[in-house]
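# An overview of the molecular structure
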Amino acid sequence: LSVLAVVLFHAEESYFPLGYLGVDVFFVISGFVVTPLILRIFTDQENGGGRLSNLKTFYRRRFYRLAPALAVTLAISAVLIFLLGPINDYQRFARQGIATLLLVGNLGAYTYSGDYFSSNPNPLVHTWSLSVEEQIYLFLPLILVLILHNRRSLKKITVVVFGVISALSFVSFLFPTILQPLYSRAGIELASQFSFYSPTDRIWQFTVGGLVFLLLDRHQNHTRKIPKSIHYLTVIAVVMVLLGPVHVNLKFSSILASLFAVAVILFKSLDMLPNFLFQRLVWVGDRSYSIYLVHMPLLYLAKYSPTTQI
């Protein structure tokens, strides 16, 4: 649902004005999925190494999960765009590609495209979210390594750390100018605009997803007692938020999408869908990363290539 919303938004923004919220939902999903992998740094003893060894294993696995598909996408996109794309966009594409390879695609998107919702065509602007993910993968485990010492209280301490990070990040998300003095030193003059791309203002969605994972076992029995009608209403609400033809305030819509994503994951509402529909969503979901990577360059060529305009 998340990747379909983003693709539809980029394909026809006027019909799906809130489709960009698919990225917000994805951050929550990512926190739910990756948090147990981060905790394995402190619990996995299969390799016979300590937490530093497990940390290296975590980084290596994240690299192999993300880098190959990204490298292929960038290589093929470079060939196609330099052959078929408008010459005026070559420089922006090249710079954004380099920024993405250096794990700072979000800074590249802010620098070379500015406002995410502007009309400046950038076939790699969507890689900003991937860079935010990578930055979280790099620094969040390090923070936990420095804080966590007693494995027995691993989940309790992680809940507290994630709660504190969520609160601080959410405040920064609501009031981005708080960090303007720090941003200015890095050459970022528009904190309100950079907030959309900022890992500081986005990590709350990841850690909230992580909190859902940490708290799910405790409330497992409660979620089973929820009526089917509530499950269906929750799914409908998510679909309407992502695909509905309405315009809502940017901050409010991000919060709303994140909360509905939490509800769907916590209640396991998608399990209630008919099997044929569920299987098709799973099929798309298994390929969502690849779809996300390739959709923007393809749409860019379809919209702006001189060849397609003949």
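This text gives an overview of the structure that appears in the document. Because the structure is predicted, anything quoted here is derived from the model rather than measured. (Residues numbered from 1 in each chain as written. Predicted model: local features only at pLDDT ≥ 70, side-chain atom pairs only at ≥ 80, totals over all residues. Heavy atoms only, no water.)

## Re the packing of helix 5 (residues 105–112) against helix 6 (residues 127–147)
Orientation of helix 5 relative to helix 6, taken along the N-to-C sense of each, is 145 degrees, at an axis distance of 6 Å. On helix 6, the residues touching Gly105, Asn106 and Ala109 of helix 5 are Thr127, Trp128, Ser131, Val132 and Gln135. Here the residues of the contact of helix 5 with helix 6 sort into 3 nonpolar, 5 polar and no charged. (Axes fitted to C-alpha atoms, helices over the stretch in contact; angles between N-to-C directions. Helix = DSSP H or I, 4+ residues; strand = E, 2+ residues; numbered from the N terminus. Contact = heavy atoms within 4.5 Å. Nonpolar A, V, L, I, M, F, W, Y, C, P; charged D, E, K, R; others polar.)

## Some details on unusual backbone geometry
Within the chain, leucine 103 stands out as a residue other than glycine whose phi angle is a positive 70 degrees. Take leucine 103: it is sitting in the loop between helix 4 (90–101) and helix 5. For leucine 103, a relative accessible area of 32% gives the class partly exposed. With phi around 55 degrees, lysine 268 is a residue other than glycine that occupies positive phi space. Within the fold, lysine 268 resides in the loop between helix 13 (250–267) and helix 14 (275–286). (Buried < 20%, exposed > 50% of the residue type's maximum accessible area, 1.4 Å probe, protein only.)

## A short note on helix 4
For helix 4, spanning 12 residues, the distance from its first C-alpha to its last is 17 Å, which sits close to the expected 16 Å at 1.5 Å a residue. Of all the positions in helix 4, only Phe93, Gln96, Gly97, Ala99 and Thr100 are classed as buried. Relative to the axis of helix 4, the buried residues are bounded by an arc of 160 degrees and lie together on one face. Facing away from the buried surface of helix 4 by more than 90 degrees, the exposed residues are Gln91, Ile98 and Leu101. For helix 4, the elements touching its buried residues are helix 3 (51–84), helix 5 and helix 6. (Expected span 1.5 Å × (residues − 1). Arc of directions from axis to C-beta.)

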